[in-house]
Amino acid sequence: MPRVHVIATGGTIASRTEHHSIGSVASDSVEELLGVITSGDREAHEDWPEHQVSGEQLFSVNSFRLTFADLRQIALAVEQAVADPEVVGVVITHGTDTIEDTAFFLHCVYTGTVPVVITGAQKPADDPAGDGPGNLREAILAAGHPHMADTGVTISFAGRIHSARATRKHHTLAPEPFTGGTEIATVTHGKLVRQATAAAGPGLPMPPAEIGSVQIPILEAGLGSSAQLARHLVEDSASCGITLDGLVLMGTGAGNAADGFVTVVDLACQHHIPVVLATRTTFGPVVAIYGNGGGVDLVAAGAMLAGSLSPYQARILLALLVCAGFAADQLANRFAEVAG
Ligand SMILES: NC(=O)C[C@H](N)C(=O)O
């Protein structure tokens, strides 16, 4: 019997406030999440799939606690789920803080044809007006929908299905916190309307477990940032027992940095630490335009451009490429191909 498989990882969709002193924490099980799906859904949603729904509890954490090792576990769980020929769609329930990280990680390594739809909630499970049940229903509907067959990894939230790449959480609390990327489809009144096709993922190799210890800090490099501190990080981290695997500079605008950061890039490259130049600006590509410490000088010193990737998605791409063991020039080429 065809089925949609739900992998639960925690997040606000599964969170409750048991004691106000400890705040809202992920606690509901996948069975509790799926308990909201009733036979009435079939009548209420025109596109509700005929399929069964199965569930698996992978983690029970709020997403700000996830690690690269956990993202690898999620990717492995997806691989395992889609290896079952009965699984026609996968849903991942996840905290919204880092959905865009997990979605992009999966986009980079997932090569399957079964749709993978990630969702969550902005209001916790114990909020009577919670958005979790509706978002979960829409994600299940989308994952099992024939029109989603070639969509890869997407984020479904508040009736909109976004591409994994370039989608960002742009509001801390709004009921529709995701924007950017490509809008692949909408779900309204239980009906899915397909609108666009997202670019296929790059098919990078699944990283080894060691990705859990990869160190790629994102360094603010704009107004008020200290290049001297950044220099210390590059020069002295080894003496503190930390191996820097890469750096993401979060510059300003189209990709520019405060005084002194060109020297930091130069130094990092001498230490064989790959550097990506990203921007604090939410949307638009990073482009080398300016001199005087701007993108032109940073690239000349050896920085790679993040393209249209956010600093967070650029860090994930760099981590995956570092783990794939590419030599410096191959890594730069592959990074540029994927970042665009
Ligand atoms: N709305 C949410 O899910 C946010 C929560 N802090 C999380 O990422 O787990």
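Residues numbered from 1 in each chain as written. Predicted model: local features only at pLDDT ≥ 70, side-chain atom pairs only at ≥ 80, totals over all residues. Heavy atoms only, no water.

## A look at the pairing of strand β12 (residues 191-194)
Step number 1: Examined bridge by bridge, strand β11 (residues 183-188) and β12 share four bridges and lie antiparallel to one another. Looking at the pairing, V187 lines up with L192 of β12.
Step number 2: The loop that links β11 with its antiparallel partner β12 comprises two residues; one of these, H189, has a positive phi angle of about 50°. (Pairing = 2+ DSSP bridges. Helix = DSSP H or I, 4+ residues; strand = E, 2+ residues; numbered from the N terminus.)

## Let's talk about the sheet that holds strand β1 (residues 3-10)
Step number 1: Spatial ordering of the open sheet is given by β4-β1-β5-β6-β7-β8-β11-β12, a layout of eight strands whose pairing is mixed. Where the open sheet ends on each side, the last strands, each with one partner, are β4 (52-61) and β12. Going from strand to strand, the sheet's axes swing by 20° on average, the running direction of each strand aside.
Step number 2: The pairing of β1 with β4 spans seven bridges and is parallel. (Axes fitted to C-alpha atoms, helices over the stretch in contact; angles between N-to-C directions.)

## Some thoughts on the packing of aromatic side chains
Step number 1: Evaluated as defined, the whole model comprises one aromatic pair.
Step number 2: Relative to F178, the ring of F157 has its centre 5.3 Å away and its plane inclined at 65°; by these criteria the two rings are edge-to-face. Here the residue F157 occupies a position in strand β7 (residues 153-157), and F178 occupies one in strand β10 (residues 178-180), the gap between them amounting to 21 residues. The burial state of F157 is the same as that of F178; both residues are buried. (Phe/Tyr/Trp six-rings, centres within 6.5 Å; stacked < 30°, edge-to-face > 60°. Buried < 20%, exposed > 50% of the residue type's maximum accessible area, 1.4 Å probe, protein only.)

## Observations concerning the packing of helix α9 (residues 311-323) against helix α10 (residues 328-339)
In a packed pair of helices, the relevant descriptors are the angle between the two axes and the axis-to-axis distance.
Step number 1: Between α9 and α10, the shortest axis-to-axis distance is 10 Å and the interhelical angle comes to 140°. When the axis of α9 is compared with that of α10, the two are oblique. Note that α9 runs across α10; the crossing there is right-handed. For the pair formed by α9 and α10, the contact residues are A314, L317, L318, L321 and V322 on the first element and L331, R334, F335, V338 and A339 on the second.
Step number 2: Taken together, the residues that form the contact of α9 with α10 break down as nine nonpolar, no polar and one charged. (Parallel < 35°, antiparallel > 145°, perpendicular 65-115°, else oblique. Left-handed = near helix turned anticlockwise from the far one by under 90°. Contact = heavy atoms within 4.5 Å. Nonpolar A, V, L, I, M, F, W, Y, C, P; charged D, E, K, R; others polar.)

## Digging into the site of the ligand
Step number 1: Lining the immediate environment of the ligand, one finds G11, T12, N62, S63, F64, G95, T96, D97, A121 and Q122.
Step number 2: In the model, an oxygen atom of the ligand is placed 3.2 Å from a nitrogen or oxygen of the N62 side chain.
Step number 3: Within the contact set of the ligand, an oxygen atom lies 3.0 Å away from a backbone nitrogen or oxygen of D97.
Step number 4: Protein chains shield 90% of the accessible area of the ligand, which is 270 Å² for the free molecule.
Step number 5: Of the residues belonging to the shell around the ligand, the class tally is two nonpolar, seven polar and one charged. (Near = heavy atom within 4 Å. Polar contact = N/O pair within 3.5 Å; in protein donor to acceptor, adjacent residues only side chain to side chain. Areas by Shrake-Rupley, 256 points an atom, 1.4 Å probe, with all protein chains shown as cover.)

## Digging into unusual backbone geometry
Step number 1: Phi is positive for A166, which is not a glycine, with a value near 70°.
Step number 2: Considering the arrangement of structural elements, one finds A166 in the loop between β8 (160-163) and β9 (167-169).
Step number 3: Residue class for A166 comes out partly exposed when judged on its relative accessible area of 21%.
Step number 4: Within the chain, N292 stands out as a residue other than glycine whose phi angle is a positive 55°.
Step number 5: Among the structural elements, N292 can be located in the loop between β15 (275-279) and α8 (295-300).
Step number 6: Accessibility expressed as a relative area gives 79% for N292, which makes it exposed.

Everything listed is a geometric property; what it means functionally is a separate question.
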